[in-house]
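# Close look at the chain arrangement
As a plain string of letters, each chain reads:
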Amino acid sequence: MPIEEVEETAEAIETMEIRGAATIAGAAAAALESQAAASEATDPEAFEAELRAAARTLYQTRPTAVSLPNALRFVLQDLEGATVEELRETVLTRTRKFRADLEHAQERLGRIGANRLRDGDVIMTHCHSTDALATVEHAVDAGKDIEAIVKETRPRNQGHITAQRLRELGVPVTLIVDSAAHRYLNDVDHVLVGADSIAADGSVINKIGTSGLAVNARDRGTPIVVAAQTIKLHPGTLTGHTVEIEMRAESEVISKADREKIGEITVKNPAFDVTPPRHVDAIITERGQYPPESIVSLMRELYGDVDEEPWAEPN
Ligand SMILES: O=C(COP(=O)(O)O)[C@H](O)[C@H](O)COP(=O)(O)O
């Protein structure tokens with residue numbers, strides 16, 4: 001049984017109190033760290049079994065952001081240690097490194113992404129991405145004036161979080177409903193979004209509505225920039241796996257009362273969609289800027305082919 005803190009983190013990820021791919025990954029690593037620190041296992045097998053159970057609990061929360069399994073894999077792959085204490089030390093060292101790397105990567109990505117933004121540029125955002133905001137923050141720190149048109153991002157309105165963060169940076173914000181995006185793209189220099197997963201062919205999986213925004217941006221000739229640390233690269237897609245798109249509750253879309261008033265309908269609430277590489281101009285990572293079609297080489301270099309899940313129950 002995982003400790004209470006792991007259960008609480010899993011619940012917070014499921015209910016989206018903790019959300020966004022990078023934040024989810026950091027929280028999952030922190031939960032494994034707590035599990036390792038608190039473990040009272042007396043033999044290495046029991047310790048590893050506890051860690052695997054904790055990882056499974058975290059893994060089952062949301063399916064689309066690959067940063068979550070990438071974090072779990074980073075911590076649990078090929079665990080080394082002959083005693084519980086050695087294993088504990090390995091896990092604690094890895095979870096701390098993972099969390100520190102996460103911060104450094106976002107900082108570096110932000111500096112690289114900021115080079116694309118010029119003084120006076122207007123960006124359009126969708127959802128709330130800490131990686132995307134890191135690029136704006138660095139541009140602002142470099143003295144550039146940036147303005148933002150922020151899509152509200154139905155049904156969960158993550159655009160409100162983006163608007164608030166941008167205001168904290170002193171960026172002037174115009175909030176629009178999602179369907180107004182095409183109308184305002186003429187005023188925009190870059191569409192700037194994050195990613196939950198990036199597939200080997202360079203497809204970008206991000207908040208539902210990203211692909212429609214990208215099509216509109218292409219129509220208007222506005223460049224589409226994706227800010228995504230390399231923990232968003234989905235190594236499973238190298239071996240033919242697809243990225244699962246999370247379907248969320250109907251209640252996020254329509255109230256029970258409204259639904260009953262309308263009569264018999266089907267409601268669908270996919271949380272993410274897939275933007276093909278031809279609609280993406282650049283993917284900004286902490287390792288540099290990549291055209292989407294060439295991201296596969298970075299994916300192979302960093303992850304190789306990974307098919308196993310180190311948190312699976314041993315046969
Ligand atoms: O789509 C979302 C969040 O979806 P949700 O709100 O459903 O979790 C974000 O664009 C990415 O996760 C990137 O975020 P970050 O750059 O912070 O990792």
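By the naming in an unreviewed UniProt entry, the protein is Ribose 1,5-bisphosphate isomerase, taken from Halodesulfurarchaeum formicicum. Under the UniProt heading Catalytic activity (unreviewed entry), the entry covering the protein gives this text: "alpha-D-ribose 1,5-bisphosphate = D-ribulose 1,5-bisphosphate".

With that settled, the discussion passes to the UniProt feature "active site" (unreviewed entry) in the protein. The feature "active site" (unreviewed entry), as annotated in UniProt, sits at C127 and D196 in this numbering. A maximum C-alpha distance of 11.3 Å among these annotated residues, which run over 70 residues, shows that they cluster at one spot. Other than its neighbours up to four places away in sequence, C127 contacts R19, T153, Q158, G159, T162 and K207. Its place among the elements puts D196 in the loop between β4 (190-193) and β5 (197-198). Residue classification places D196 among the buried residues on the basis of a relative accessible area of 8%. Ignoring sequence-local partners within four residues, the contact set of D196 consists of A21, T64, A65, V66, S67, I205, N206, K207, K232 and F272.

Let's shift gears to helix α3 (residues 44-59). In a regular helix each residue adds 1.5 Å, so 16 residues correspond to 22 Å; α3 covers 22 Å between its end C-alpha atoms and thus fits that length. Taken together, the buried positions of α3 are P44, F47, L51, R52, A53, A54, A55, R56, T57 and L58. For α3, the elements touching its buried residues are α1 (4-14), α2 (21-38), α4 (67-76) and α5 (84-114).

In this section: the sheet that holds strand β10 (residues 288-290). As summarised here, the arrangement of the seven strands in space is β3-β2-β1-β4-β7-β9-β10, forming an open sheet in which the pairing is mixed. Looking along the sheet, the strands with just one partner apiece sit at the ends: β3 (173-176) and β10. Strand-to-strand twist across the sheet, computed as the mean angle between neighbouring axes with direction ignored, equals 25°. Bridging between strand β2 (residues 147-151) and β3 involves four bridges; their strand directions are parallel. Directly across from K151, in β3, lies its bridge partner I176.

So, on to the packing of aromatic side chains. Overall, the coordinates contain two aromatic pairs when judged by the stated rule. Aromatic side chains Y59 and W311 sit 5.1 Å apart centroid to centroid with 45° between the ring planes, which places their arrangement in the tilted category. Of this pair, Y59 sits in helix α3 while W311 is found in the segment after α11 (295-303), placing the two residues 252 residues apart along the sequence. Its relative accessible area of 31% is what places Y59 among the partly exposed residues. Between F74 and F98, the aromatic rings sit 5.5 Å apart at their centres with planes inclined by 55°, giving tilted as the arrangement.

In terms of domain boundaries, the protein breaks down into domain 1 (4-108) and domain 2 (115-303). Between the C-alpha centres of domain 1 and domain 2 there is a distance of 26 Å. Each partner contributes residues to the interface: domain 1 has 22 residues there, and domain 2 has 30 residues. It is R19, T64 and Q106 in domain 1 that bury the most area against domain 2; as a group they hold 29% of the surface buried on that side. Remark: the boundary between domain 1 and domain 2 carries one salt bridge. Going through the elements one at a time, α2, α4 and α5 are the ones with two or more residues in the side of domain 1 that touches domain 2. Counting residues per element, the side of domain 1 that touches domain 2 draws most heavily on α5, which supplies six residues. Its residues assigned to classes, the side of domain 1 that touches domain 2 shows ten nonpolar, six polar and six charged.

Bringing the pattern of salt bridges into the picture now. Tallied over the full model, the rule gives 18 salt bridges. Residue D281 is joined to R218 by a salt bridge in which the shortest nitrogen-to-oxygen separation is 3.1 Å. Here D281 is found in the loop between β8 (272-275) and β9 (282-285), whereas its partner R218 is found in helix α9 (residues 210-220), with 63 residues between them in sequence. The exposure class assigned to D281 is partly exposed, which follows from its relative accessible area of 33%. Judged by relative accessible area, which is 31%, R218 ranks as partly exposed. Each member of the salt-bridge network shares a partner with another, and the members are R62, R156, E246, R248 and E252.

With that settled, the discussion passes to the packing of α5 against helix α6 (residues 130-141). α6 packs onto α5 with a crossing angle of 60° between their chain directions and a minimal axis gap of 7 Å. Classified by the angle their axes make, α5 and α6 are oblique. Our pair here, α5 against α6, has a crossing hand that is right-handed. Seen from α5, the contacting residues are Q106, E107, L109, G110, R111, G113 and A114; seen from α6, they are T130, D131, A134, T135, H138 and A139. Classifying every residue of the contact of α5 with α6 gives four nonpolar, six polar and three charged.

Rules of the game
Residues numbered from 1 in each chain as written. Predicted model: local features only at pLDDT ≥ 70, side-chain atom pairs only at ≥ 80, totals over all residues. Heavy atoms only, no water. UniProt positions renumbered as here; feature names shortened; annotations may be inferred. Contact = heavy atoms within 4.5 Å. Helix = DSSP H or I, 4+ residues; strand = E, 2+ residues; numbered from the N terminus. Buried < 20%, exposed > 50% of the residue type's maximum accessible area, 1.4 Å probe, protein only. Expected span 1.5 Å × (residues − 1). Pairing = 2+ DSSP bridges. Axes fitted to C-alpha atoms, helices over the stretch in contact; angles between N-to-C directions. Phe/Tyr/Trp six-rings, centres within 6.5 Å; stacked < 30°, edge-to-face > 60°. Domains from an automatic or database assignment. Buried area = accessible area lost by both parts, 1.4 Å probe. Salt bridge = Lys/Arg side-chain N within 4 Å of Asp/Glu carboxyl O. Nonpolar A, V, L, I, M, F, W, Y, C, P; charged D, E, K, R; others polar. Parallel < 35°, antiparallel > 145°, perpendicular 65-115°, else oblique. Left-handed = near helix turned anticlockwise from the far one by under 90°.

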